[in-house]
Amino acid sequence: MRSDALGGASLALFFAIVFFAGCIALGLMLVNVTIPAWRTRHKFIACTAKLLDKRMDEVSGEQGTRFQPSFRVNYEVAQRKQDVWTSEMPRPFTSDRASSQAILDRFEVGHDYPCWYDPFDPSRAVLLQGYRVQAWLVLIFPVSFIALGGGGLAWSLANLGKSVERRAALAQRAAQLDPFVEPDPIGRRFPHVPGQGNLTNSPGTTLAFRLPSTVSNWKLLGGLIICLFWNGVVLVFAVIAVESFRLGEPEWFLALALVPLALIGLGLVYLVLRQLWVLTGLGPTIVEIDRHPLIPGSSYQLFVAQSGRLAVNWLSLSLVCDEEATFRQGTNLRADTCQVYRHEIHRQERFVVKPEKPMSIRCRFDVPLAVMHSFNSEHNRVIWKLIVEADVIGWPRIERAYALQVYPSPAEGDLL
Amino acid sequence: MSDPRVLILFEGGQRTYRPGEMLSATCRIESLSLFEPKAMEVSVLWHTEGKGDEDLAVHYFNRVSADDEGAMELRRPYQFQTRLPNSPLTYDGIIVKIRWCVRVRLFLVRSREIVAEQAFRLGDIPAAVLVVPK
């Protein structure tokens with residue numbers, strides 16, 4: 001238990017360091033960048049100055065050479081002549097020589113230009129009164145540190161010395177008071193059982209509810225993104241390889257290394273197209289149920305319909321329960337699934353589906369009396385679903401899942 | 001000098017409850033005479049075990065502090081009761097397990113803590129059996 005307190009104190013210390021580092025960085029940036037930029041715009045006094053000379057200052061360092069245009073100007077303040085070198089304040093040195101040169105070229109030696117000087121120190125002046133957005137944007141970096149560190153510090157201090165149960169109780173109470181979360185009456189009666197969500201908002205044509213498919217397009221989208229990324233990278237290297245051959249300096253190693261990478265890229269394209277084909281080529285499978293949510297020990301009616309032009313070897317309809325756990329392994333978030341219930345409700349073999357005669361099945365199934373209800377917490381889930389599997393001639397094996405919610409048997413007098 | 005011991009006794013020795021049933025229990029602290037208790041927290045909670053990261057939710061929570069109630073109050077048996085929720089039920093899954101318990105956390109001087117817990121079952125679901133894919 002002491003290690004918990006030590007861990008909490010260490011975390012508070014870490015956030016305190018982040019917070020104070022942010023404060024120091026903010027102070028430095030305000031003093032050196034933002035306030036000088038603001039002062040040149042709002043506090044410096046305008047006058048006319050003669051440009052006597054100009055030059056490009058260069059500083060060489062580890063990051064290469066950096067540039068800053070400088071101007072020698074002559075102006076008069078309170079009948080005292082000022083002869084100073086100035087640069088666009090607070091423009092720092094930049095590695096972009098072209099932009100610095102463009103600023104330098106805008107001014108010609110011997111001409112008069114508007115100039116702004118510091119009323120507290122007339123020897124400081126600027127020829128360009130640039131009010132750069134960067135002067136404010138640089139504050140994002142320290143402010144984000146302050147927000148992160150401050151928030152974390154407040155959270156750590158608020159939880160310091162509190163037991164895990166007390167923290168959980170406080171968090172639950174805060175969640176109940178959240179004005180942006182609509183109270184869920186079923187969620188209150190059955191805590192940690194998922195709400196019916198969109199399972200009952202689509203009426204069926206034959207039975208009460210049409211169940212939505214849980215096969216999301218994320219798999220296809222994820223595959224597509226990986227495929228595009230992989231092939232994009234391969235394409236960039238392919239262009240470099242082709243260019244090396246065109247210039248007569250062939251990059252043989254690169255060209256040979258690209259061959260297996262390009263083959264993997266083609267494999268990814270094949271997989272994405274196949275997935276797209278399976279998703280869109282077959283007609284939708286309609287699954288309807290007479291009641292929802294499901295209660296252990298009760299019997300339900302199902303209607304399943306499949307349209308399209310298909311020759312089916314077999315089709316199977318099963319009620320399935322999976323456990324799903326997510327866990328951290330090092331810095332990775334991993335998930336594992338394990339099946340704890342499977343019952344084949346219906347099986348049909350060797351039949352043909354035609355557009356004018358879609359396949360339709362009506363059947364009944366029972367939810368066993370002593371089974372776990374649907375459960376949902378942050379890292380652990382128990383999921384019930386109907387699975388339609390089919391072996392269709394000329395198609396990859398098809399598996400479509402439809403979510404169901406199994407609720408616990410209600411307590412006496414607590415009817416669903 | 002032995003540490004104080006926290007006893008959690010369910011009324012009637014009951015260890016399995018139906019959803020919505022009333023749970024009544026007493027927490028008794030033994031050998032506390034030599035220790036100065038600062039506070040005691042009594043919780044009825046569920047937590048997960050298994051492969052996934054642990055989830056925990058508190059159904060009943062009460063903190064009795066010596067500052068508010070006086071140190072003598074902490075030495076008396078603490079009785080409480082709470083109506084259990086409809087879910088989640090106790091579950092012995094393969095990679096997901098849900099455990100219900102009464103947990104008592106006794107805070108002593110110099111940041112010392114003593115934790116005791118007694119498990120109970122909510123509902124009567126048999127243990128899950130792994131389905132081996134064909």
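Bear in mind that the values here come from a model prediction, so they are computed numbers and not experimental data.

## What about the packing of helix α7 (residues 218–246) of chain A against helix α8 (residues 252–281) of chain A?
Residues and elements named next belong to chain A.
Thought 1: Contact geometry of α7 with α8 gives a least axis separation of 9 Å together with a crossing angle of 155°. Relative to α8, α7 is oriented roughly antiparallel. Crossing angle aside, the handedness with which α7 passes α8 is left-handed.
Thought 2: Taken together, the residues of the contact of α7 with α8 break down into 24 nonpolar, four polar and one charged.

## Focus: the sheet that holds strand β3 (residues 22–30) of chain B
Backbone-to-backbone hydrogen bonds join strands into a sheet, with any given pair of strands oriented parallel or antiparallel.
Residues and elements named next belong to chain B.
Thought 1: The sheet built from three strands is open, its strands ordered β1-β3-β6 with antiparallel pairing. Single-partner strands in this sheet number two, and they are β1 (5–10) and β6 (78–83). Each neighbouring strand pair of the sheet contributes to a mean axis angle of 25°, computed without reference to strand direction.
Thought 2: In this sheet, β3 lies alongside β1 in antiparallel orientation, the contact comprising six bridges. Looking at β3, one finds that R5 is bridged to E30.

## Describing the interface of chain B and chain A
Thought 1: On the chain A side, the residues contacting the 42 residues of chain B number 42 residues.
Thought 2: A combined buried area of about 3,300 Å² lies between chain B and chain A, and 60% of that area is made up of carbon and sulfur atoms.
Thought 3: Our count for the chain B to chain A interface comes out at three salt bridges.
Thought 4: Residue E165 of chain A pairs with R103 of chain B through a salt bridge whose shortest N-O separation is 2.6 Å.
Thought 5: Summed over the shared surface of chain B and chain A, the number is 21 residue pairs in polar contact (both at pLDDT 80 or more).
Thought 6: For the side of chain B that touches chain A, the secondary structure elements donating two or more residues are β4 (37–50), β5 (56–65), β8 (96–108) and β9 (113–122) of chain B.

## A short note on the pairing of strand β2 (residues 64–77) of chain A
All names here are of chain A.
Thought 1: Here eleven bridges tie strand β1 (residues 45–61) to β2, and the two strands are oriented antiparallel to one another. Bridge assignment links S60 to a residue of β2, and that residue is T65.
Thought 2: Between the antiparallel neighbours β1 and β2 lie two residues.
Thought 3: In this structure, β2 lies alongside strand β3 (residues 80–87), joined through eight bridges in antiparallel fashion. In the sheet register, Y75 faces β3, and the bridge partner there is Q82.
Thought 4: Here β2 folds back onto β3, and the loop between the two strands holds two residues, one of which, A78, carries a positive phi near 50°.

## Overview of the domain arrangement of chain A
Residues and elements named next belong to chain A.
Thought 1: Taken as a whole, chain A is organised into domain 1 (1–42 + 133–162 + 211–282), domain 2 (45–128) and domain 3 (164–204 + 284–416).
Thought 2: Relative to domain 3, the C-alpha centre of domain 1 lies at a distance of 34 Å.
Thought 3: Taken together, the contact pairs 13 residues of domain 1 with 21 residues of domain 3.
Thought 4: On the domain 1 side of the contact with domain 3, K162, L211 and L282 bury the most area, a combined 53% of that side's loss.
Thought 5: Between the two partners, domain 1 and domain 3, sit zero salt bridges.
Thought 6: Linking domain 1 with domain 3 are two residue pairs in polar contact (both at pLDDT 80 or more), by the criterion used here.
Thought 7: Tallying contributions element by element places α8 first for the side of domain 1 that touches domain 3, with five residues.

## Remarks on the pattern of salt bridges
Thought 1: Taken as a whole, this structure holds 25 salt bridges over all chains when the rule is applied.
Thought 2: Between E113 of chain B and R105 of chain B there is a salt bridge; the shortest N-O distance is 2.9 Å.
Thought 3: Judged by relative accessible area, E113 of chain B falls into the partly exposed class, the value being 25%.
Thought 4: For R105 of chain B, a relative accessible area of 6% puts it in the buried group.
Thought 5: A single network of salt bridges, built from pairs that share partners, joins E165 of chain A together with R103, R105, E113 and E117 of chain B.

## Focus: the sheet that holds β2 of chain A
All names here are of chain A.
Thought 1: The five strands are arranged β3-β2-β1-β4-β5 in an open sheet whose pairing can be described as antiparallel. Among the strands making up the open sheet, the edge pair consists of β3 and β5 (121–126). Recorded for the sheet is a direction-independent mean angle of 40° between the axes of neighbouring strands.
Thought 2: Each of β1 and β2 touches helix α2 (residues 97–105); the most contacted strand, β2, lies at about 20° to it.

## Description of the environment of L137 of chain A
Thought 1: The topology assignment puts L137 of chain A in helix α3 (residues 134–137).
Thought 2: Counting along the chain gives 253 residues from L137 of chain A to A390 of chain A, while the straight-line C-alpha distance between them is 57 Å.

## Examining α2 of chain A
Thought 1: Taken as a whole, α2 of chain A has its buried residues at S100, I103 and L104 of chain A. Buried residues in α2 of chain A, looked at end-on, bunch into an arc of 100°, giving them a common side.

## Notes on the side chain of H47 of chain B
Residue and element names in this part refer to chain B.
Thought 1: Residue position: H47 is located in strand β4.
Thought 2: A polar contact of 3.2 Å, which involves the side chain of H47, links it to the side chain of E54.
Thought 3: Each residue touching H47, except ones within four places of it in the same chain, is listed here: E54, D55, L56, K97, I98, R99, C101, R103 and E117.

## Focus on the packing of aromatic side chains
Thought 1: Following the criterion strictly, the structure yields 18 aromatic pairs over all chains and no others.
Thought 2: Plain terms: the ring middles of Y75 of chain A and Y117 of chain A are 6.1 Å apart, the flat faces sit at 15° to each other, and that makes the pair stacked. Here Y117 of chain A lies in strand β4 (residues 112–118) and Y75 of chain A lies in strand β2, a separation of 42 residues in the sequence.
Thought 3: Residue Y75 of chain A is classed as buried on the basis of its relative accessible area of 1%.
Thought 4: Measuring from ring centre to ring centre gives 5.5 Å for Y17 of chain B and F120 of chain B, while their planes differ by 85°; the resulting arrangement is edge-to-face. Taken together, the residues span a long stretch of sequence, with Y17 of chain B in strand β2 (residues 16–17) and F120 of chain B in strand β9 at a distance of 103 residues.
Thought 5: When its relative accessible area of 3% is taken as the criterion, F120 of chain B is described as buried.
Thought 6: The rings of F10, Y17, W100 and F120 of chain B are connected pair by pair, giving a single aromatic cluster.
Thought 7: The ring of W85 of chain A carries the charged tip of R55 of chain A above its face, separated from the ring centre by 3.9 Å.

Each value, and the rule that gives it
Residues numbered from 1 in each chain as written. Chains lettered and ligands numbered in written order. Predicted model: local features only at pLDDT ≥ 70, side-chain atom pairs only at ≥ 80, totals over all residues. Heavy atoms only, no water. Axes fitted to C-alpha atoms, helices over the stretch in contact; angles between N-to-C directions. Helix = DSSP H or I, 4+ residues; strand = E, 2+ residues; numbered from the N terminus. Parallel < 35°, antiparallel > 145°, perpendicular 65-115°, else oblique. Left-handed = near helix turned anticlockwise from the far one by under 90°. Nonpolar A, V, L, I, M, F, W, Y, C, P; charged D, E, K, R; others polar. Pairing = 2+ DSSP bridges. Contact = heavy atoms within 4.5 Å. Buried area = accessible area lost by both parts, 1.4 Å probe. Salt bridge = Lys/Arg side-chain N within 4 Å of Asp/Glu carboxyl O. Polar contact = N/O pair within 3.5 Å; in protein donor to acceptor, adjacent residues only side chain to side chain. Domains from an automatic or database assignment. Buried < 20%, exposed > 50% of the residue type's maximum accessible area, 1.4 Å probe, protein only. Arc of directions from axis to C-beta. Phe/Tyr/Trp six-rings, centres within 6.5 Å; stacked < 30°, edge-to-face > 60°. Lys NZ or Arg CZ within 6 Å of the ring centre and 35° of its normal.

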